[in-house]
Amino acid sequence: MSAESPGASDRISRWRGSFRAWRWQRPFWAGLLSLLAGVPIMYFPYNDLNAGGFTINMSTTAGSASLIIGVLLVVLGLTMWFQPMVRVFAGVATILLGLVSIPVSNFGGFLLGFLLALFGGGMSIAWAPGETPSAQPAEGPGNASEDDGNGGSVPEPAGAGSASDQEARNGRHRAG
C-alpha cells in the first residue's frame, strides 16, 4: 500500500497550475525582488556583524529611516503582487526608495538592497499584462487556403500553421 493518496498529485498539479496563472497576471518577480530589497536595508542598521574577532555595529542616527524604507519596500513588493494596476507607481516608488537608501541606510544595505530595489522597480515599470487569446479557434495546419489570384486556391505548406497545444500553451513557445 502506498503512503501517497492518488488525489494528492492531482491537488498539487492543480495548485501549481492556479499559482502559475496567478503569477502570470501580475509582476511577480518584480514584487519578489522589491520585497527582498527591504530585508537587508532593515537588517544591517539594527544587528551586529562579526568579522573574525571584531564586532561591527552599523547603527546610525538614521536607523529609524532605514526601518521605514525597508518596510515601505516590503509593502510596495506586496502591492505589486496584489494590486498590479498600480505597478508603475510602485516601481517608481521602489526605485526612489532604493536611491534614498544609499545615504541613509549603510549604502543601501551594502548595495544589496539598493540593487534589488532598482531591478525590482525597473521590472515593475516594464511589466505589461499579456493579451487574452481571441475567442475564435485557430484553423488547423493545412485547412486554410489562400487565393492565388486566378480564382483558385493555394494550399498551405505542410509545416505551416499554428503550433501544437504543448508548444503554444499560455503564450510560451519552444525554441528550435
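About the thresholds
Residues numbered from 1 in each chain as written. Predicted model: local features only at pLDDT ≥ 70, side-chain atom pairs only at ≥ 80, totals over all residues. Heavy atoms only, no water. pLDDT = per-residue confidence, 0-100. Helix = DSSP H or I, 4+ residues; strand = E, 2+ residues; numbered from the N terminus. Expected span 1.5 Å × (residues − 1). Contact = heavy atoms within 4.5 Å. Axes fitted to C-alpha atoms, helices over the stretch in contact; angles between N-to-C directions. Parallel < 35°, antiparallel > 145°, perpendicular 65-115°, else oblique. Left-handed = near helix turned anticlockwise from the far one by under 90°. Nonpolar A, V, L, I, M, F, W, Y, C, P; charged D, E, K, R; others polar.

Comments concerning the confidence of the model for the protein
- Mean pLDDT over the protein works out to 79, with 67% of the residues at or above the 70 mark.
- Mean pLDDT across the secondary structure elements of the protein bottoms out at strand β3 (residues 145-147), with 54, and peaks at helix α6 (residues 112-126), with 95.

Quick look at helix α4 (residues 87-104)
- Helix length check: α4 (18 residues) gives 25 Å between terminal C-alpha atoms against 26 Å at 1.5 Å per residue, within 8%.
- Along its buried surface, α4 packs onto α2 (28-43), α3 (63-82), α5 (106-110) and α6.
- Trailing α4 by a residue or two, N106 shows a phi angle of about 50°, which is positive.

Focus: the packing of α4 against α6
- One way to put it is that α4 packs onto α6 with a least axis distance of 8 Å and a crossing angle of 160°. Classed by the angle they form, the pair α4 and α6 counts as roughly antiparallel. Handedness of the α4/α6 crossing: left-handed. Here R87, V88, G91, V92, T94, I95, G98, L99, S101 and I102 of α4 lie close against α6, whose contacting residues are F114, A117, L118, G121, G122, S124 and I125.
- Residue classes in the contact of α4 with α6 are distributed as nine nonpolar, seven polar and one charged.

Details of the environment of L78
- Mapped onto the fold, L78 is located in helix α3.
- When the C-alpha positions of L78 and L32 are compared, they lie 8.0 Å apart, and in sequence the two are 46 residues distant.

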